[in-house]
Amino acid sequence: MQNYIALLRGVNVGGHRKVTMAKLKTLLSKSGLENVQTYIQSGNILFQSYIDDKKGLENKIQNLILTHFGFEVPVLVLLRNELEKVLNNCPFSEDKKEHSYFVILSDVPNKKLVMEASVKRYLDDDYKILNNCIYLFCSKGYGKSKFNLNYFEKKLDVNATARNYKTMVKLLSLSNI
């Protein structure tokens with residue numbers, strides 16, 4: 001049985017696309033996923049499954065949310081060791097890392113697209129695109145950042161969702177079964 005972490009994009013933000021984590025937990029448990037737990041309201045799900053198909057699990061969770069809640073939500077499913085690798089590969093100093101955001105991408109983007117997207121720079125933000133993650137440090141905080149996730153999704157032709165350092169560490173801690 002594998003330990004998985006599913007990351008939902010854009011739920012429970014500003015009153016839009018409301019997904020009650022308790023209802024989602026019940027829904028996923030009834031669908032055959034095991035030991036389902038959620039962490040905070042931003043769409044972090046930990047579960048176990050014998051299914052060895054991450055894309056299949058993503059589709060399953062997306063379809064369950066669409067059927068039950070009535071809207072589409074991008075879902076990224078990672079193995080615990082994949083999330084750990086993302087955290088450990090952060091190119092920033094430890095101090096910057098602890099105040100960074102990790103924009104996890106659905107796929108490793110094409111190198112040419114990465115070069116084209118990397119041209120866009122922001123005065124108070126530092127980011128690096130490595131493998132399936134955009135490592136983002138916002139010197140004035142994420143709320144004041146000019147960084148635009150939609151821009152990078154379109155330019156890199158991927159889906160993406162962001163988590164801060166504390167959430168990443170907590171998800172790894174919770175998934176260490």
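Everything below is about the structure shown above.
What you are looking at is a predicted structure, and each value in this text was computed from that prediction instead of being measured.

Asker: Explanation requested: the pairing of strand 6 (residues 125–130) in the structure shown.
Answerer: Two faces belong to every sheet, and in a regular strand the side chains alternate between them. By the alternation rule, side chains of strand 6 split into Asp125, Tyr127 and Ile129, which are all buried, and Asp126, Lys128 and Leu130, of which none is buried. Bridge count between strand 6 and strand 7 (residues 133–138): 6 bridges; the pairing is antiparallel. What sits directly across from Lys128, in strand 7, is Tyr135. Between strand 6 and strand 7, which pair antiparallel and follow one another directly, the connecting turn spans 2 residues, one of which, Asn131, has a positive phi of 55°.

Asker: Help me out: how do you make sense of helix 2 (residues 54–69) in this one?
Answerer: Each α-helix winds once per 3.6 residues, and so residues spaced three or four apart point in a common direction. Here helix 2 is 16 residues long and its end C-alpha atoms lie 22 Å apart, about the 22 Å a rise of 1.5 Å per residue gives. Buried residues belonging to helix 2 abut strand 1 (2–8), helix 1 (21–30), strand 3 (44–49) and strand 4 (75–79). Directly beyond the C-terminal end of helix 2, a positive phi value near 90° is found at Gly70.

Asker: Would you mind showing me how to read the nonpolar core here?
Answerer: Nonpolar side chains in soluble globular proteins tend to be buried together. Formed by 22 residues in total, the largest nonpolar core has its most connected members in Leu8, Leu24, Ile45, Phe47, Ile61, Ile65 and Val77. When sequence neighbours within four positions are dropped, the list of residues in contact with Leu24 reads Leu8, Val19, Ile45, Ile65 and Phe69. Formed by 19 residues, the second largest nonpolar core is a distinct cluster that contains Leu78, Phe102, Cys133 and Tyr165.

Asker: Which parts of the structure should I look at to understand the packing of helix 1 against helix 2?
Answerer: Angle between the axes and distance between the axes are the two parameters that describe a pair of packed helices. At a minimum axis distance of 11 Å, the contact between helix 1 and helix 2 shows a crossing angle of 120°. Put simply, helix 1 runs oblique to helix 2. Considering only the axes of helix 1 and helix 2, their crossing is right-handed. Only Ile61, Leu64, Ile65, His68 and Phe69 of helix 2 make contact with helix 1, whose side of the interface consists of Lys23, Leu24, Leu27 and Leu28. Of the residues contributing to the contact of helix 1 with helix 2, the split by class is 7 nonpolar, 1 polar and 1 charged.

Asker: I'm lost on the pattern of salt bridges in this one. Help?
Answerer: Oppositely charged side chains can form a pair if their charged atoms are brought close together. Per the counting criterion, the structure on display carries 9 salt bridges. In this structure, the salt-bridge partner of Glu82 is Lys54, at a minimum N-O distance of 2.5 Å. Note that Glu82 is positioned in helix 3 (residues 80–88) and Lys54 in helix 2, a separation of 28 residues in sequence. With a shortest N-O distance of 3.0 Å, Lys96 and Asp126 are connected by a salt bridge. Linking Lys96 in helix 4 (residues 94–97) with Asp126 in strand 6, this pair joins segments that are 30 residues apart in sequence. Where salt bridges share partners, they join Lys55, Glu58 and Asp107 into one cluster.

About the criteria used
- Residues numbered from 1 in each chain as written.
- Predicted model: local features only at pLDDT ≥ 70, side-chain atom pairs only at ≥ 80, totals over all residues.
- Heavy atoms only, no water.
- Buried < 20%, exposed > 50% of the residue type's maximum accessible area, 1.4 Å probe, protein only.
- Helix = DSSP H or I, 4+ residues; strand = E, 2+ residues; numbered from the N terminus.
- Pairing = 2+ DSSP bridges.
- Expected span 1.5 Å × (residues − 1).
- Contact = heavy atoms within 4.5 Å.
- Core = buried A, V, L, I, M, F, W, Y, C linked by side-chain atoms within 4.5 Å.
- Axes fitted to C-alpha atoms, helices over the stretch in contact; angles between N-to-C directions.
- Parallel < 35°, antiparallel > 145°, perpendicular 65-115°, else oblique.
- Left-handed = near helix turned anticlockwise from the far one by under 90°.
- Nonpolar A, V, L, I, M, F, W, Y, C, P; charged D, E, K, R; others polar.
- Salt bridge = Lys/Arg side-chain N within 4 Å of Asp/Glu carboxyl O.

Any link to function would need more than the numbers given here.
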